[in-house]
Structures are given as C-alpha cells and as structure tokens.
Amino acid sequence: MNLRISALDYVQGVKNGNVSAEDFVASTLERISDIDERLHAFLSVNDDAVDQARSIDKKVKSGDKVGACFGMPISIKDNICIKNSKTTCASKMLENFIAPYDATVITKLRNQDAVFVGKVNLDEFAMGLSTEFSAFGPSKNPWNTEYVPGGSSGGSAVSVSAFECIASLGSDTGGSVRNPASFCSTVGYKPTYGLISRYGLISYANSIEQIGPLTRTVKDAAFMLNIIAGLDENDNTTVDSKNTDYLSGIDSGIEGKRIGIIKEMIGEGIDSRVLSATKDAISKLESLGAICEEVSLDMVKYSVAAYYTITATEAGSNLARYDNIRYGYDFTVEGYEFNSYISKARRNFGPEVKRRMMIGGFVPSAGHAGKYFLKALKVKSKLTKEVNEAFKRFDLLISPTVPILPFRIGEKIDDPISLFLVDINTVTANLTGKPAISVPFAIANGLPIGIQLMADSMNDKLLLQAAFALESTITLPEVPT
Ligand code: GLN
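Residues numbered from 1 in each chain as written. Predicted model: local features only at pLDDT ≥ 70, side-chain atom pairs only at ≥ 80, totals over all residues. Heavy atoms only, no water.

**Considerations on the side chain of Ser-161**
(1) Moving on: Looking at where Ser-161 falls in the secondary structure, it is placed in helix H5 (residues 154–161).
(2) Moving on: Looking at Ser-161, the relative accessible area reads 7%, which means it is buried.
(3) Moving on: Excluding residues within four positions of it along the chain, Ser-161 makes contact with Pro-142, Trp-143, Cys-184, Thr-186 and Val-479. (Helix = DSSP H or I, 4+ residues; strand = E, 2+ residues; numbered from the N terminus. Buried < 20%, exposed > 50% of the residue type's maximum accessible area, 1.4 Å probe, protein only. Contact = heavy atoms within 4.5 Å.)

Printed below as a string of structure tokens:
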C-alpha cells in the first residue's frame, strides 16, 4: 500500500474504488507501530480506526453518501479535544484527562468521514518550538532523528512527514504549525485569526492562536480549510468564511502580484543556507511574474519580546485552572493547607510552563504592567499598523519561516532566550492576526527549509494560490525514514 499520497489523491482513489479506506488505515497503523518507537510522534493511537474505515468502504460500495474525507487518516495535536479520548497537552497535569466533548474542528472532520488515527505530541501546553518540553519525551525529526522536529506541533509535523497519516491538525500561537512544518518539510498553515473555531482547543493564548492544518501539499491545506473554516456559535471570535472554496482557482498563478520581502527577516542571525533558499524562492516567484521588493517592518525587532509578554499573561490566567482539584493527577490533599496543596501539586508542570506562569504573573502585575504588559500591547498595535501599511503596497509578504535549520535535540534546551528568538519570523502573523503559510522549499545538509508567505486578513485564498505557485517551482526529495 502506497502511503505516500496526498489527501486529494487518497480521496480520488477511494471514490474510484482503487483504494480501500480499510486497507489504507490498517497500513497506516502498521507504519505507526513500525516506526513510531523511533520518532515518538504519537501519544495515543485510536484502536477503532480500522473499524471506522471499514464502515466507510461499505458506504462507498453501497452508494451511500460519503463525506469529503472518505476515511482519510488524520492525526490530531493532543491539545484539541476528541470526545471520550485522552487529551493530555503533553502535561503530567492532564495525563488522565478524558475530553468530555469534541472540538468544533473534530465535529466538522467527523461529519466529513475523517478517521482520527491518534493524538500527537507537543511541547507541554503548546509552549515551546522543539517538542522537547513534552512531559512524555521529545519527538524526533524524521529527516535526522538526532534533530528536533520543531514545535510545538512537532508530533503533527512528524506524523505527516513520515507517512503516519495524511494530514494533521496543530495549533499556532506564535508559529507552532509553521515552525515544525518548516523543520519537517510539510506544509503548515495558520489562517486569519477567527477563520477556524478554537472551541475545544485547550487555550494557551486565546487572543492570538489558531488551529491550522499540516499537510503534504498546499492543495491539501486548502482542502482541509474548506472543511474546518467558518463561523461557530461556540466561539464568538470566529468570522464568516462565506463558504469560500479555497481549492477552486488555486492554480491561478501570481502574475503581477506584488510581494514584499521583509528586510528584518533576512538580516542578522539568519543561517546562510536559509538565506540562499529564500533568495532562490524569490527569484522563482519573479520568474512566475511576481514583482518582489524589500519592505522594512521596524517593529519586528520588538515582536518576540511583545509576543512572550502577551502570551505569558494569557497563559498565566489560562493555567490557573490547573489546581489539581478540577483537573489533575493522583496526589493526596492530606496534610496540606489549600494554597500549599495547589502549589505543591503544580510541581508537576515542566520547566517551560513554570517559566511562563511566573512571567505571566509578573508582567501584568500592579507596578510592572506599564513597563511590560502595556508596552507589549503598544508594540502589537504599532506592528499591526505597520503590517497594514505594507499590505497597501503589497499583496503578500515573504520571509524564511525560521531563520535557522533544525537544531540538535538538547542543543538549546537550557537557553530559553535563544529558543524564544527562533520565533522571530513567525510571531508577526499571530500578533497581527494575518494568515501565513510555510511551504517546504529546500533541503540543506539533509535538513528541511520552509519559506513563509503572509497575506492580509481574510486573503487566505490568495495566500494559498501564491503558496501553490511557489510549491510548483520545486521537487523535493522524500523523507529518508
Ligand atoms: N514558540 C512559541 C511559544 O512557545 C510558539 C508556540 C505556539 O505557537 N504554540 O510560545
């Protein structure tokens, strides 16, 4: 069974009767059991997946109406709720938490006959960018298992890249879909803020995060968006997608489109191999008729500081519910006062989550808010103004997704600031609410490089068109795993 096919080819295959959903899902589970011990993408596997796929084959055979996914195997980041399944956020605190309801994205995919093959690894509560902060151990990059796969949706990227599923859902607060997509050579898409419901996503920083698909191809990302985008009465930050078909016209090209090259993202600190891939991407886009020109976004230099200040503040309040009373693990209350019990119980959070809780308690506090939190909000609004100005001159913005190549597991774990700085190119889209995508573009020293395109709010369709055009200019090798 060839597992190395796109979502669209899979769907076509099952529709035509050339592929059996049951065989495909069974082979996918076999592959997971063969290779995942080495890669550690999965935290749990769905034992009912093959039965579910079989029932879809039956529907196809009997001519019943079948949903658009036709039993396609999808993995789900373990901070998105699937009813009656464990949703751990890769945290000891939620190790035994069983979600009581489906996230809206899950309901929508289920209604289209997707099969969820399992829940995949992440940095604890999606805080990090290497998956090394998972309480259950890091995922490994399938291109070279000594290297990080990126994060926080590392399990999602590994599972797509290593053919352990066809597509995955991750969440992107400051790059967590795009960063691992770039590090593992998959497509990673963060939509306009509000385009995809966050209902059932365990919150880290609500005001800027979004669920997004990781896929093998740009068309597959558009296919997923068609299913999961749109208004949701359970999430009042959602916007109307107006039933946009993101696949139709995706091959319209980018002739005459103006693309701004973000100056601050191709300067200091960039790896020379990433820079040369970016230049190559720009010249390929030019050869397709795009007009590329440098643009300066001065506020980008403050974006990482603002991002971590704002997200830690929101995380601080979101994590307050983990008091080991409503959620938690087995730890007796005997012998503790109320407050000492809670603080003792929280010892089980990992170092990154603790760091965010401490920062999140401090930066908005009386006497300090003016210096930190309020300043960060000012940076956010100035950056948004700058980016909005840029979109008056340009249809799209381009940069590398990540300024460096994947790094070795353990290399940066003790240096949080250097880890934070890896987010420099991705956080702007989150702070401004704009859609952004990472397109796999090059391999250097056996490790992947992704190129990021960004568009103005609600221009997701144009963004996918441009990404498709860029993707069409290259052929990349397949993952060696
Ligand atoms: N690395 C960033 C952080 O730790 C982004 C995480 C994310 O997008 N969830 O906050």
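**Points about the packing of helix H9 (residues 300–318) against helix H12 (residues 373–393)**
(1) Moving on: Relative orientation of the contacting elements H9 and H12 amounts to 130°, with a least axis distance of 8 Å. Taken as axis vectors, H9 and H12 run oblique relative to one another. For the pair H9 and H12, the crossing hand works out as left-handed. Between H9 and H12, the contacting residues are Val-300, Tyr-302, Ser-303, Ala-306, Thr-309, Ile-310 and Thr-313 on the first element and Phe-373, Ala-376, Leu-377, Val-379, Lys-380 and Leu-383 on the second.
(2) Moving on: Of the residues that constitute the contact of H9 with H12, the class distribution is nine nonpolar, three polar and one charged. (Axes fitted to C-alpha atoms, helices over the stretch in contact; angles between N-to-C directions. Parallel < 35°, antiparallel > 145°, perpendicular 65-115°, else oblique. Left-handed = near helix turned anticlockwise from the far one by under 90°. Nonpolar A, V, L, I, M, F, W, Y, C, P; charged D, E, K, R; others polar.)

**Brief notes about the packing of helix H2 (residues 21–39) against helix H3 (residues 49–62)**
(1) Moving on: Viewed as axis vectors pointing N to C, H2 and H3 meet at an angle of 160°, and their least axial separation amounts to 7 Å. Taken as axis vectors, H2 and H3 run roughly antiparallel relative to one another. Classified by chirality, the crossing of H3 by H2 is right-handed. Each of Ala-21, Glu-22, Val-25, Ala-26 and Leu-29 in H2 lies in contact with H3, whose residues at this interface are Ala-49, Val-50, Ala-53, Arg-54, Ile-56 and Asp-57.
(2) Moving on: Here the contact of H2 with H3 is composed, by residue class, of eight nonpolar, no polar and three charged.

**Quick look at helix H15 (residues 460–471)**
A turn of α-helix holds 3.6 residues, and therefore any two residues three or four places apart point the same way.
(1) Moving on: The end-to-end C-alpha separation of H15 is 16 Å, in line with the 16 Å expected for twelve residues at 1.5 Å each.
(2) Moving on: Where H15 is concerned, the buried positions are Asp-460, Leu-462, Leu-463, Leu-464, Gln-465, Ala-466, Ala-467, Phe-468, Ala-469, Leu-470 and Glu-471. (Expected span 1.5 Å × (residues − 1).)

**With respect to the sheet that holds strand E8 (residues 291–295)**
(1) Moving on: Ordered in space as E1-E3-E2-E4-E6-E5-E10-E11-E9-E7-E8, the eleven strands form an open sheet in which the pairing is mixed. Single-partner strands in this sheet number two, and they are strand E1 (42–45) and E8. Looking at each pair of strands side by side, their axes are set apart by 30° on average, direction ignored.
(2) Moving on: Pairing geometry for strand E9 (residues 396–400) and strand E11 (residues 447–455), over five bridges, is antiparallel. Bridge pairing links Leu-396 to Ala-455 in E11. (Pairing = 2+ DSSP bridges.)

**Here's the deal with the packing of aromatic side chains**
(1) Moving on: A complete count under the given rule lists 14 aromatic pairs for this structure.
(2) Moving on: Aromatic pair Tyr-329 and Phe-331: ring centres 6.1 Å apart, planes at 15°, arrangement stacked. One exposure class covers both Tyr-329 and Phe-331, and it is buried.
(3) Moving on: Their ring planes at 55° and their centres at 5.5 Å tell us that Phe-331 and Tyr-336 sit as a pair that is tilted.
(4) Moving on: Relative accessible area serves as the criterion here: at 14%, Phe-331 is assigned to the buried category.
(5) Moving on: Here Tyr-336 falls in the partly exposed class, since its relative accessible area comes to 30%.
(6) Moving on: Put simply, the rings of Phe-97, Phe-125, Tyr-322, Tyr-327 and Phe-349 touch in pairs and so form one group of aromatic residues.
(7) Moving on: Its end group placed over the ring of Phe-331, Arg-347 keeps NZ or CZ at 4.6 Å from the ring centre. (Phe/Tyr/Trp six-rings, centres within 6.5 Å; stacked < 30°, edge-to-face > 60°. Lys NZ or Arg CZ within 6 Å of the ring centre and 35° of its normal.)

**Considering the site of the ligand**
(1) Moving on: Near the ligand there are 15 residues, and of these Gly-174, Ser-176, Tyr-204, Tyr-307 and Arg-356 occur at the shortest range.
(2) Moving on: Contact between the ligand and Tyr-307: an oxygen atom at 2.7 Å from a side-chain N or O atom of the residue.
(3) Moving on: Between the ligand and Arg-356, the relevant distance is 2.7 Å, taken from an oxygen atom to a side-chain nitrogen or oxygen of the residue.
(4) Moving on: Here the ligand loses 100% of its free accessible area of 290 Å² to cover by the protein chains. (Near = heavy atom within 4 Å. Polar contact = N/O pair within 3.5 Å; in protein donor to acceptor, adjacent residues only side chain to side chain. Areas by Shrake-Rupley, 256 points an atom, 1.4 Å probe, with all protein chains shown as cover.)

Everything listed is a geometric property; what it means functionally is a separate question.
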